[in-house]
Amino acid sequence: GSMGGAVQRSSRFSELNDDDVRYFEEILGKKNVVQDEDKLSVANIDWMHKYKGSSKLILQPCNTDQVSQILKYCNSRCLAVVPQGGNTGLVGGSVPVFDEVIVSLSSMNNIISFDKVSGILVCEAGCILENIMSFLDNEGFIMPLDLGAKGSCQIGGNVSTNAGGLRLVRYGSLHGNVLGVEAVLANGTVLDMLKTLRKDNTGYDLKHLFIGSEGSLGIVTKVSILTPPKLSSVNVALLACKDYSCCQKLLQEAKRKLGEILSAFEFLDGQSMDLVTNHLEGARNPFSTSHHNFYVLIETTGSDESSDKQKLEAFLLGSMENELIADGVLAQDINQASTFWRIREGISEALMKAGAVYKYDVSIPVENLYNLVEEMRSRLGDAANVIGYGHLGDGNLHLNVSVSQYDEKILSQIEPFVYEWTSKKRGSISAEHGVGLMKANEIFYSQSHETVQMMASIKNLMDPNHILNPYKVLPHSITS
Ligand code: FAD
Ligand code: MLT
Ligand code: ZN
């Protein structure tokens, strides 16, 4: 049932031999050249258990120079490479398709510097997001991004996928918050673009090529990132809406009435809520008396406890009076707030417990966004459980089709319908998860031929042997 079954191993790549392994042991030391079966089977399979490769080798460099030596060698030998962070990616980008060598950034996990005046953090790519968050918390700062995978994903993986997540509505994307990167090109050249400046207009801003290119243009080894101060008052409310149109109007109102303190606006439908409460231990619908069609999680973050609360309460009251919300609970303490977040962030995990999942991540103008879920539901009938949730504040829908097991017949009902529908609305078939293996051949639904051609030219320039994350991101017809 794995996708990408149509891809063939490219004959341009060599096969790994004993001399290669000996060379890697020389430069990295034996313990950082991993051939252990158990470790390989974990690294060969993705978080959703949908994509499975057959790599025989994991390399664990400890510094940039080692990454450079690895790539220089792999390039000269024409050995294909998959950069791997926390392996939480959702599009099959982080695991090998065939026998690619896995380069894991996990051992490069040092925080290099933090400037308390500017809030600028410099760290190695393998730092786990949650560890950076704890470090910053002690310093009185926060990360501009947060996501359900924080306990495993790495900042290098976040940058490489341009991960969006739960705070984008407030702080914007990593294209704005990442101030610099250090990256290693396929031939081993180290690009030092590790600036710690807010403003720098000297020539082309090449760091952006590494933000969101999913390991296809280089390996990110260090990152510099602008972090906002931690503010004293955070409030979380879970609201129930009778229909999608109310969610939409509520978003417009929240932007106006909560303004600068709005820090998250997430939504989930009743089917998502049921899935979470059925499959996640301890997750409970706080509105136990009745079922609601939609739920919205609103968070505010500001610097004045009493006025922030007043603002939020006035907004909630107004929304009740206008009948935009049918019911609502304002978290009374940090524990209740985290139970609300657990419901929203736990959806992906609940989907895994429910069986297999076809996952789509689209940007569509908010007015039309939920129509896709409804159309999919009527297409599939009882064959699957279709759920919709996502970052409504950013116009980003997560459409998920939950099934007991992967089934080609169901898949053919979903694709290409979902891509055609999105394309017709001039939406994006990948809002935040990336293209990976899953959508490499579907990129034309969201990008013009000329644009994809330019991407291919950049790929050819930066990685002429195509050793970096082959079969991913760009269509196979262009890169093979
Ligand atoms: P991996 O999965 O290891 O890799 C992802 C891609 O980046 C691969 O193509 C890989 O080759 C490449 N890569 C990794 N590290 C490097 C590096 N140092 N240099 C070059 N290339 C590299 N995404 C969102 O955008 N928003 C969300 O809210 C969100 N929530 C999630 C919740 C859960 C529970 C899960 C499982 C995933 C979620 N994701 C979300 C998916 C998201 O892409 C990843 O969680 C995260 O950004 C990937 O980081 P990682 O370290 O796990 O990277
Ligand atoms: C989310 O917003 O929960 C993530 O992008 C993960 C997912 O869609 O499963
Ligand atoms: Zn998401």
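Look above for the structure.
Residues numbered from 1 in each chain as written. Chains lettered and ligands numbered in written order. Predicted model: local features only at pLDDT ≥ 70, side-chain atom pairs only at ≥ 80, totals over all residues.

Chemist: How do you make sense of the site of ligand 2 when you look at a structure like this?
Modeler: Around ligand 2 sit Gly148, Ile347, Ser348, Gly390 and His398, and that is every residue in its neighbourhood. Looking at the shell around ligand 2 residue by residue, the classes come out as one nonpolar, four polar and no charged. (Near = placed C-beta within 6 Å. Nonpolar A, V, L, I, M, F, W, Y, C, P; charged D, E, K, R; others polar.)

Chemist: Could you clarify how one ought to interpret the site of ligand 1 in this entry?
Modeler: Around ligand 1, the surrounding shell holds 36 residues, and the nearest of these are Gly85, Gly93, Gly156, Gly157 and Gly215. Those elements that provide at least two residues to the shell around ligand 1 are strand 3 (81-84), helix 5 (155-161) and strand 9 (219-226). Looking at the shell around ligand 1 element by element, the count peaks at five residues for helix 5. Two domains share the shell around ligand 1, each providing at least three of its residues, namely domain 1 (111-226) and domain 3 (355-446). (Helix = DSSP H or I, 4+ residues; strand = E, 2+ residues; numbered from the N terminus. Domains from an automatic or database assignment.)

Chemist: What exactly am I supposed to notice about the sheet that holds strand 15 (residues 385-391) here?
Modeler: Either a parallel or an antiparallel arrangement is found when strands of a sheet pair, and the pairing is made through backbone hydrogen bonds. Taken in spatial order, the seven strands line up as 13-10-12-11-15-16-14 in an open sheet, and their pairing is antiparallel. Both outer strands of the open sheet, strand 13 (327-330) and strand 14 (356-363), are each paired with one neighbouring strand and no more. Looking at each pair of strands side by side, their axes are set apart by 15° on average, direction ignored. Relative to strand 15, strand 11 (residues 262-269) runs antiparallel, the two being bridged by two bridges. Looking at strand 15, one finds that Leu268 is bridged to Tyr389. (Pairing = 2+ DSSP bridges. Axes fitted to C-alpha atoms, helices over the stretch in contact; angles between N-to-C directions.)

Chemist: Would you mind going over unusual backbone geometry with me for this structure?
Modeler: Note on backbone geometry: most residues besides glycine have negative phi, and most peptide bonds are trans. Residue Pro416 follows Glu415 across a cis peptide bond; omega there is 5°. Along the chain, the position of Pro416 falls in the loop between helix 15 (408-414) and helix 16 (417-424). Phi at Glu323 is positive, roughly 60°, even though this residue is not glycine. Here Glu323 lies in the loop between helix 11 (305-321) and strand 13.

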